[in-house]
2 protein chains.
Amino acid sequence: MPKETITTRALDYNQWYLDIVREADLAEAAEVVRGCIVFKATGYAIWEMMQRELDNRIKATGHENIYFPLLIPKSFIMKEAEHVDGFAPEVAEVTRAGGEELAEPYVIRPTSETIIGYFYSKWVRSYRDLPLLYNQWCNVMRWEMRTRPFLRTAEFLWQEGHTAHVDEAEAEAETLRILFDVYADFAEQVMAVPVIRGLKTEKEKFPGALRSYCIEAMMQDGRALQSGTSHNLGQNFARAFDITFTDQHNTIQHCWTTSWGVSTRLIGALIMTHSDDEGLVLPPRLAPIQVVLVPIYKNEDERAKVMEAVDRLTADWKGRLRFKVDDRDNFTPGYKFNEWELKGVPIRVEVGPKDVEKGSVAVARRDMPGKAGKQFVPQVGLTDYLLTLLEAIQVALFERALAFRSDRTATVTTYDELKAQIERGFALAYWDGTTEDEKRIQDETRATIRCIPLDQSDAPGICVYTGRPTTRQVIFARAY
Amino acid sequence: MPKETITTRALDYNQWYLDIVREADLAEAAEVVRGCIVFKATGYAIWEMMQRELDNRIKATGHENIYFPLLIPKSFIMKEAEHVDGFAPEVAEVTRAGGEELAEPYVIRPTSETIIGYFYSKWVRSYRDLPLLYNQWCNVMRWEMRTRPFLRTAEFLWQEGHTAHVDEAEAEAETLRILFDVYADFAEQVMAVPVIRGLKTEKEKFPGALRSYCIEAMMQDGRALQSGTSHNLGQNFARAFDITFTDQHNTIQHCWTTSWGVSTRLIGALIMTHSDDEGLVLPPRLAPIQVVLVPIYKNEDERAKVMEAVDRLTADWKGRLRFKVDDRDNFTPGYKFNEWELKGVPIRVEVGPKDVEKGSVAVARRDMPGKAGKQFVPQVGLTDYLLTLLEAIQVALFERALAFRSDRTATVTTYDELKAQIERGFALAYWDGTTEDEKRIQDETRATIRCIPLDQSDAPGICVYTGRPTTRQVIFARAY
């Protein structure tokens, strides 16, 4: 049912987002710590699910976890030329500690290429020491001016992978393996968020990278959200931090390094892809609670009868699905329905005295609010029914998001078409412009080149802006 | 076999500890960040195992995870009188961010009672909102003067639980539930480290607590290591941060709060309880790798034969035990044995051509180095044999540590006896002294009262220091 406490998407998409974050109890602004949030239990549980799925994939691709210090000597940030420009303006600095002024300030890590580069230079001597394949889960801090829960916060949680290799080919293979096998696979299979795998333009790449790859998702307002990035750092950080090795011909060479990360920003992507005007919608593979069972009764007699059935029905659920029996006595069924709708639980099962008599239960799908998603289902075989339904919901959410993206993506051949299309969604366009051209388009339209999709034909075309012939197509969109 | 790179415990226990940390590749001093370490892959994997086991217990006792900001307004630290004295001298301060001086500095959390107190005061209105049962996993920072890997580092990783309750009885029950059902259970059942559950004296309690409880373990040099603390904070933080609720009689009251934590210090406790002069020794329930299988062969022919057997033997290991087949071609079996001994893997299985012929394998226990721990075992039934042996090793490590502690614990009745006993281990003594008496004993002996054990008789005795009659017994020891 519609919620008074949630602004509709049609009315004000930005306010709707903030309302969902508040009403689903995902996070709260930490107004005493500038730009930071408190991750509340429902929000943090989603992050834990994300971590588990990502960590499995990161380990399955041969990486180990490790942990480097929170603080980085300020001088480290200054060592890689592009990196300085990108990060120095937004660091938080520790200048006093233990009651004394520090001779050299530390910065709280905005990302860890520099401090990790320092250690890698100590650890690598020979080609036999390579590759180094490490990842860390941690908090980072960037003093952003305009913040928004999950999407852009001063402190956020993430994983950052950092690897070192003997040559460009191996570094490039690593960068793409993470993009495809870890990030895109996780986004599509677990989050049910379709993503475009692409290369960033020079203007949009990571400060200090040779090439940055990304996955880009489309939100329900047609805007893009960069959901993960994987960078081939070339030899830039290896030169800045002197990460060298002796190769098989006894020659000293600089390593090729990569870095890659996804963050709690993904919670924002999740909300803005699937949720609706009634609250959060979670894909089953990521839902901390997949099924909530609400027993319904009016007196002790009914209670005993209903709870006997509930115990029987849920007996084999443990270990097979993540569930909760909401048997709180101080809330009405209607209040409970509302709360679990807000929190995005994929399936609600209702069991009342009549259901017990009929040998059935009511099953409501969160992704199809109202009557369309509600059915009466036999108690016999219920567990298998629910497991199948969970998978069906997972697929349905992905398909819905994919259809939405297809509907909101169009090929444009003129600058006017581009300007019109970015009001709706993604504009696919031939592109042969310069970084200066990109900046002008951004100034004029607030759209940027989200990426150069990796999956594209070689068919020639005409650049949407310069009119020059080219085979390269890009996606323009406004972005979060 | 003895390792040249490891100083023996008998020669220099402190150096032995540092050698183990280095040789097992657990951590490395991050000399460019004062007092911090890099948690390397082997060390971090142990922390991940600890986190999983602790997190299960924390959730099983009804708590949810949540995440509060890293930074705390400096003024917050000043609000609780004892807390200021305890933590203000050792905080790291952020005074600049985003290129500007901050009007009010932030401190990096040394512990989060204050910032969490601030939010709890917003979240709690009525007794119906209570209890709040939250935990967070995070990094914290205390600018310590003398640091030591895992045991005392400027930045460390931990979990901190923070709960709020309607009255003292409920807060006390929570404090003790954590001490017994989470911390002591984890230490003894998973780490195989026997611990004494006790109450801290006024002198040793947490700054701002009403009562602090702890688990204390004995290291192999007879010194104590505080391995976890659980604090009943009374109404101290509720008063400082105005955490109030309306009770059932419509009266406004202050909450009773608790906090409790264990940290990466536990890795130090683990090392110093079980490890030996040959390297790390890990209890099976905590070992990231429980069994390492080393195939042995001299040529391709033998290799094929051995690897066929290895594949067959390990076919049903997945999901039943955590294992690694070390089939690296560029290292000798001897090198591999040495490496896995250093890293503490509980069981090594060797399979060579003769073993294949005989239908047996060689099994070596890490907790019994040399011939005593090595046996030839039939290939038939090997998986069950290993599972049983892992449990036997788990028990044996606990029993050995318990026997060691018993041997090094003695009741003392005079101050001279106390002084002699703390050279060996724990001194159990009747105690009726003051905080001033405790300080004098510490100055004279470097021993402190580790705790007042909760498990003690009411039998009367004479205070070891004042000569006054009392029924209270305490444990004196030197501590890490």
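Residues numbered from 1 in each chain as written. Chains lettered and ligands numbered in written order. Predicted model: local features only at pLDDT ≥ 70, side-chain atom pairs only at ≥ 80, totals over all residues. Heavy atoms only, no water.

**Q** What's the story with the overall build of chain A in this structure? I'm lost.
**A** The helix and strand inventory of chain A stands at 14 helices and 25 strands. Relative to the globule expectation of 23 Å for 480 residues, the C-alpha radius of gyration of chain A, 25 Å, shows essentially globular dimensions. Projected onto its principal axes, the C-alpha positions of chain A cover 80 × 60 × 45 Å. The buried share of chain A, reckoned over its 480 residues, is 59%. Residue pairs in contact within chain A that sit at least 24 positions apart in sequence constitute 70% of those at least 6 positions apart. Split by element, the accessible area of chain A, about 19,100 Å² in all, is 50% carbon and sulfur. The centroid of the 59 positive side-chain charges in chain A is displaced by 2 Å from the centroid of its 71 negative side-chain charges. (Helix = DSSP H or I, 4+ residues; strand = E, 2+ residues; numbered from the N terminus. Rg over C-alpha atoms; globule rule 2.2 N^0.38 Å. Buried < 20%, exposed > 50% of the residue type's maximum accessible area, 1.4 Å probe, protein only. Contact = heavy atoms within 4.5 Å. Areas by Shrake-Rupley, 256 points an atom, 1.4 Å probe, with all protein chains shown as cover. Lys, Arg positive; Asp, Glu negative; His and termini not counted. Charge placed at Lys NZ, Arg CZ, Asp CG, Glu CD.)

**Q** In this structure, what is going on with the sheet that holds strand 11 (residues 224-232) of chain B? I would like to understand it.
**A** Through backbone hydrogen bonds, the strands of a sheet pair up, either in parallel or in antiparallel fashion. Residue and element names in this part refer to chain B. A sheet is described by the order of its strands in space; here 11 strands give the open sequence 3-7-8-14-11-10-9-22-25-21-20, paired in mixed fashion. Taken across any chain shown, the strands that pair with only one partner, and hence form the sheet edges, are strand 3 (64-65) and strand 20 (409-411). Where strand 9 (residues 196-199) lies against strand 22 (residues 448-453), 2 bridges are found, and the strand directions are antiparallel. Its bridge partner being in strand 22, Gly-198 is matched across the sheet by Pro-453. (Pairing = 2+ DSSP bridges.)

**Q** I'm lost on the interface of chain B and chain A in this one. Help?
**A** For an interface, size is often stated in terms of accessible area lost upon the parts coming together. Contact with chain B, which involves 54 residues of that partner, is made by 54 residues of chain A. Summed over the shared surface of chain B and chain A, the result is 8 salt bridges. Residue B:Glu48 pairs with A:Lys59 through a salt bridge whose shortest N-O separation is 3.2 Å. The biggest single contributor to the side of chain B that touches chain A is strand 5 (residues 92-97) of chain B, with 6 residues. Pairing analysis gives 5 bridges linking strand 5 (residues 92-97) of chain A to strand 5 of chain B, with the strands arranged antiparallel. If you follow A:Arg96 over to strand 5 of chain B, its bridge partner there is B:Glu93. (Salt bridge = Lys/Arg side-chain N within 4 Å of Asp/Glu carboxyl O.)

**Q** Help me understand the pattern of salt bridges, please; the structure alone is not making it clear to me.
**A** Opposite charge on two side chains permits them to pair, given that their charged atoms come into close proximity. Residues and elements named next belong to chain A. Enumeration according to the criterion identifies 89 salt bridges over all chains in this entry. A salt bridge links Arg-312 to Glu-308, with the shortest nitrogen-to-oxygen separation between them at 3.5 Å. Remark: Glu-308 and Arg-312 occur in helix 9 (residues 300-314); sequence separation between them is 4 residues, near one turn of the helix. With relative accessibility at 44%, the residue Arg-312 sits in the partly exposed group. Relative accessible area serves as the criterion here: at 45%, Glu-308 is assigned to the partly exposed category. Ionic contacts of the salt-bridge type, sharing partners, join the residues Lys-3, Glu-341, Arg-348, Glu-350 and Lys-374 into one network.

**Q** Can you help me understand the relation of the copies chain B and chain A in this one?
**A** To go from the first copy of the chain to the second, apply a rotation about an axis and then a shift along the same axis. Its rotation angle being 180°, the transformation that places chain B on chain A also includes 0.0 Å of axial translation and leaves an RMSD of 0.0 Å. Both chain copies can therefore be described as sitting about a two-fold axis. Identified as the residue of chain B closest to the rotation axis by C-alpha distance is B:Val94, at 2.2 Å. Most of the interface of chain B is mirrored in chain A: 100% of its interface residues are interface residues there too. (Least-squares fit on C-alpha atoms with pLDDT ≥ 70 in both.)

**Q** Explain the packing of aromatic side chains to me, please; I cannot follow it from the model alone.
**A** By convention here, two paired aromatic rings are described through the distance between centres and the angle between planes. Scanning the entire structure with this criterion turns up 45 aromatic pairs over all chains. Each ring, one from B:Phe76 and one from B:Phe241, has its centre 5.7 Å from the other, and the planes form 65°; the classification is edge-to-face. Here B:Phe76, found in helix 3 (residues 74-77), pairs with B:Phe241, found in helix 7 (residues 236-241); they are 165 residues apart in sequence, far enough to count as distant. Per residue, the accessibility class of B:Phe76 equals that of B:Phe241, and both read buried. Taken together, the ring pairs in this structure connect A:Phe68, A:Phe76, A:Tyr118, A:Phe119, A:Tyr120, A:Trp123, A:Tyr134 and A:Phe241 into an aromatic cluster. The ring of A:Trp123 carries B:Lys40 above its face, with NZ or CZ at 4.4 Å from the centroid. (Phe/Tyr/Trp six-rings, centres within 6.5 Å; stacked < 30°, edge-to-face > 60°. Lys NZ or Arg CZ within 6 Å of the ring centre and 35° of its normal.)

**Q** Explain the domain arrangement of chain A to me, please; I cannot follow it from the model alone.
**A** Along its sequence, chain A is carved into domain 1 (13-274), domain 2 (289-388) and domain 3 (409-477). Distance between the C-alpha centres of domain 2 of chain A and domain 3 of chain A: 49 Å. (Domains from an automatic or database assignment.)

**Q** Which parts of the structure should I look at to understand the packing of helix 1 (residues 13-23) of chain B against helix 8 (residues 265-274) of chain B?
**A** Two measures define how a pair of helices packs: the angle their axes make with one another and the distance between the axes. Residues and elements named next belong to chain B. Direction vectors running N to C along helix 1 and helix 8 enclose 115°, while the axes themselves pass 11 Å from each other. Here helix 1 is positioned roughly perpendicular relative to helix 8, judged by the angle of their axes. The hand of the helix 1/helix 8 crossing is right-handed. Residues Tyr-13, Trp-16, Tyr-17, Ile-20 and Val-21 of helix 1 lie in contact with helix 8, whose contacting residues are Gly-268, Ile-271 and Met-272. Taken together, the residues of the contact of helix 1 with helix 8 sort by class into 7 nonpolar, 1 polar and no charged. (Axes fitted to C-alpha atoms, helices over the stretch in contact; angles between N-to-C directions. Parallel < 35°, antiparallel > 145°, perpendicular 65-115°, else oblique. Left-handed = near helix turned anticlockwise from the far one by under 90°. Nonpolar A, V, L, I, M, F, W, Y, C, P; charged D, E, K, R; others polar.)

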